[in-house]
Amino acid sequence: MARQLDYHTMREVFTRFQAAEPEPKGELEHVNAYTLVVAVALSAQATDAGVNKATRGLFAVADTPQKMLDLGEDGVIEHIKTIGLFRNKAKNVIKLSRILVDQYGGEVPNSRAALESLPGVGRKTANVVLNMWWGYPAQAVDTHIFRIGNRTGICPGKDVVAVERAIEDNVPVDFQRHAHHWLILHGRYICVARKPKCGACIIRDLCQFEDKTE
Ligand code: SF4
């Protein structure tokens, strides 16, 4: 695990990320808070592109919890059967839609605890929704962020909650809102798992990783 980068280095890292991509966006397609919750819940162990392909048709017929209930579990399965774990995910989508209708008037609640209480919605999903829909600086730590946080020293931690805390504690507040997306994009396209593209990396001189590639 690399050591935590100091304040000035952190500012420089995020200044460069911001210059390269001023308004980073998530890649999961959605039309409202509800469809974002469903899309993120479906994205576990699946690619964003694969989820988008499935949800385009699904959200065209069901973009509210009530419409999803009307479609029913079999109807949901028809749309998402190209995604991994689709049976279980379809069950959860129906269950969470039922809870939203019965307990939240069909709206999506915006506290982490309320979101996490929904079937199929974990801490990561809740943080993505808080960040992307409500603009709250919540830090969802996925496999990319966990890897590069520890590799580079941007946000080292022994588990995802420790990495989440490292981001909250060490990323200057003016960069908190977009930190999640900058880190994901960096991990997805440059600081990739097996052979990071250090030769093309804009933070190469700031990163602590000892085995940089050319
Ligand atoms: S220099 Fe290499 S290891 Fe460091 S952040 Fe860039 S791509 Fe990742």
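So, here's what we can say about the structure. Counting restarts for each chain: residues are numbered from 1 in the order of the written sequence. Confidence filtering applies because this is a predicted model: local features only for residues at pLDDT of at least 70, side-chain atom pairs given and counted only at 80 or more, and all residues used for totals across whole chains, interfaces and linings.

### Quick notes on the overall build of the protein chain
Next, step 1: Helix and strand counts for the protein chain stand at 10 helices and zero strands.
Next, step 2: Against the globule reference of 17 Å for 214 residues, the protein chain gives a C-alpha radius of gyration of 18 Å, in line with a compact fold.
Next, step 3: In terms of principal-axis extent, the alpha carbons of the protein chain reach across some 55 × 30 × 30 Å.
Next, step 4: Restricting the contact set of the protein chain to residue pairs at least 6 apart, pairs at least 24 apart contribute 59%. In this text, helices come from DSSP runs of H or I with a minimum length of four residues, and strands from runs of E with a minimum of two, each type numbered from the N-terminal end. Two things to know: the radius of gyration comes from C-alpha atoms, and the globule rule equals 2.2 Å times the number of residues to the power 0.38. Throughout, a residue-residue contact means that the two C-beta atoms, derived from backbone geometry, are no farther apart than 7 Å.

### Notes on the environment of Gln4
Next, step 1: Position of Gln4 relative to the elements: it lies in the segment before α1 (7–20).
Next, step 2: Whether a residue is buried, exposed or partly exposed follows from its count of other C-beta atoms within 10 Å of its own C-beta, namely 20 or more, 12 or fewer, or something in between, respectively; the C-beta atoms are built from the backbone. Given 18 C-beta atoms within a 10 Å radius, Gln4 is considered partly exposed.
Next, step 3: With 110 residues separating them along the chain, Gln4 and Ala114 place their C-alpha atoms 32 Å apart.
Next, step 4: The residues contacting Gln4, other than those within four sequence positions of it, are Gly153, Pro156, Ala166 and Asn170.

### Thoughts on the environment of Tyr136
Next, step 1: Along the chain, Tyr136 falls in the loop between α7 (123–132) and α8 (143–152).
Next, step 2: Taking the C-beta count within 10 Å as the criterion, Tyr136 has 15 such neighbours and is therefore assigned partly exposed.
Next, step 3: Not counting chain neighbours up to four residues away, the residues in contact with Tyr136 comprise Leu130 and Asn131.

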